[in-house]
Amino acid sequence: MERQRSFSVKSTRVLAFIITIISSAIVFFTFFSSSLLKFNSSLYPTPEANFQIDLSPIAAISDSSVSPQASPILISTHFNSPENTSGSSKISVFEQKISGESLVKEVREIANLTSIKVIELPSNNGEDKKTEKRIEECDVTKGKWVYDSDYPLYTNASCPFIDEGFGCQSNGRLDLNYMNWRWEPQDCHAPRFNATKMLEMIRGKRLVFVGDSINRNQWESMLCLLFQAVKDPKRVYETHNRRITKEKGNYSFRFVDYKCTVEFYVTHFLVREGRARIGKKRRETLRIDAMDRTSSRWKGANILVFNTAHWWSHYKTKSGVNYYQEGDLIHPKLDVSTAFKKALQTWSSWVDKNVDPKKTRVFFRSAAPSHFSGGEWNSGGHCREANMPLNQTFKPSYSSKKSIVEDVLKQMRTPVTLLNVSGLSQYRIDAHPSIYGTKPENRRSRAVQDCSHWCLPGVPDTWNHFLYLHLLHKR
């Protein structure tokens, strides 16, 4: 009997102990669940508190048979900062990431199901995300000039290749802001010019510029840009020991460490300048059916950059009287647009015949603008007063020569890339040499100003940046 009572008492105690443990566990889990729910509610804010959907423009939709095109639907999404119950003015990065990304994901899923267009507005941090195109798809000619304190990429002191006509700072120009403007494309982020990368791209190759003195302007700019990446200046030299001047036309600079050359061949028109007998006198003519005599030297180049435009506005070519020649025929009168197109067709035929597209990239740079006011270069035209680019309200004009170039390029078998620099250069009335195209002691008259060429460093650096981008991305 005693043994049974002892066993009964022990059983009752054990049962009571088990009930106590279970009760404690229930209380603990109840408290834990309540705390977890509170934590989740603060971690994942409800859409009503932090996400607003503006349905005001939405018409009633009965079924999916209504096409989005017939009834355009717009949902504007606004992300508000979650209320911070702790009183702190900051929200943890983790909370921002969870709330922002999860809500955007949910709305995108809804949009995919209902064919609703979603517009993403600024994220929690308030910063706008600029939708950018890939550089390969971007029209870099659309943009604006921005002041950049990191410019210029070289100076008159750091580049020995700038001839007198383009060395404005060396010639006494004191307002140097023209050096600090950088072209910024509006639809994409363009990588900056990298001289080392450019030299690697042309390693073992020939980069050849062919054209008038404006192309020499661009060629000198390229030499200066590349020279900044050279460790030993003595490893860059002109192969014929020529010093750059506007009197001499053909140059070839070798970059020894990269086994490449950067060359320039002068030709005002790409076609042949000559003389022919007209009446009793021999007069200058332009053979619009024959290539320039230096054309044989262009063959074998890996990159060719052509231009012609500047001299086609000369009074002699514009008048077109007894000047243009085809075979033995000297046209008594021929308008400049017709002659320009015939000359370009002669050039395009030469390119199609002599250039292998598998080995050579061909570029044609569009016309660069002049900014003469009050006359032409020889009749008192000037641009000295300008020290800032034209503002964005200015609308660049479209050159008739550019349309002729585009038409000719479309007819060619050989792919030719048009370097379109005309529009962006029209803003830069401030960047010409003006009276600073010569040293003070050599200036004969302040009346003669150069408002056609460009100071270096300056606008031609941007033209070369475009060339660099094309080569970098093989556009």
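These remarks concern the structure in this document. (Residues numbered from 1 in each chain as written. Predicted model: local features only at pLDDT ≥ 70, side-chain atom pairs only at ≥ 80, totals over all residues. Heavy atoms only, no water.)

Structural notes on the state of the cysteines
Defined simply, a disulfide is a covalent bond joining two cysteines at their sulfur atoms. In this structure the tally under the stated criterion is 4 disulfides. Between Cys 159 and Cys 224 runs a disulfide, and the two sulfur atoms are separated by 2.0 Å. Across the S-S bond of Cys 159 and Cys 224 the torsion is about -75 degrees, and the bridge reads as left-handed. Here Cys 224 lies in helix 5 (residues 213-227) and Cys 159 lies in the loop between strand 4 (143-147) and strand 5 (181-185), a separation of 65 residues in the sequence. For the pair Cys 159 and Cys 224, one class covers both residues: buried. Looking at the protein chain, its bonded cysteines, counted consecutively from the start of the sequence, adopt the pairing 1-4, 2-5, 3-8, 6-7. (Disulfide = S-S within 2.5 Å. Helix = DSSP H or I, 4+ residues; strand = E, 2+ residues; numbered from the N terminus. Buried < 20%, exposed > 50% of the residue type's maximum accessible area, 1.4 Å probe, protein only.)

Concerning the packing of aromatic side chains
Tallying each qualifying case throughout the model produces 19 aromatic pairs. Ring centres 5.6 Å apart and planes at 70 degrees place the aromatic pair Trp 298 and Phe 306 in the edge-to-face group. Taking the relative accessible area as the measure of exposure, Trp 298 reaches 0% and is therefore buried. The interplanar angle of 75 degrees and the centroid separation of 5.3 Å between the aromatic rings of Trp 298 and Trp 350 together place this pair among those described as edge-to-face. With a gap of 52 residues between them, Trp 298 in helix 6 (residues 295-298) and Trp 350 in helix 8 (residues 336-354) connect regions that are remote in the sequence. Every member of this aromatic cluster is reached through a ring pair, and the members are Phe 161, Trp 219, Phe 227, Tyr 251, Phe 253 and Phe 264. (Phe/Tyr/Trp six-rings, centres within 6.5 Å; stacked < 30°, edge-to-face > 60°.)

Describing the packing of helix 8 against helix 9 (residues 400-410)
Between helix 8 and helix 9, the shortest axis-to-axis distance is 10 Å and the interhelical angle comes to 30 degrees. Pair helix 8 / helix 9 crosses with right-handed handedness. Of helix 9, the residues touching helix 8 (which contributes Ser 337, Phe 340, Lys 341, Leu 344, Gln 345, Trp 347 and Ser 348) are Lys 401, Ile 404, Val 405, Val 408 and Leu 409. For the contact of helix 8 with helix 9, the per-class residue count stands at 7 nonpolar, 3 polar and 2 charged. (Axes fitted to C-alpha atoms, helices over the stretch in contact; angles between N-to-C directions. Left-handed = near helix turned anticlockwise from the far one by under 90°. Contact = heavy atoms within 4.5 Å. Nonpolar A, V, L, I, M, F, W, Y, C, P; charged D, E, K, R; others polar.)

Brief notes about the environment of Leu 334
By secondary structure assignment, the location of Leu 334 is in the loop between strand 14 (329-330) and helix 8. Residue class for Leu 334 comes out buried when judged on its relative accessible area of 11%. For the pair Leu 334 and Tyr 324, spaced 10 residues apart in sequence, the C-alpha separation works out to 7.1 Å.

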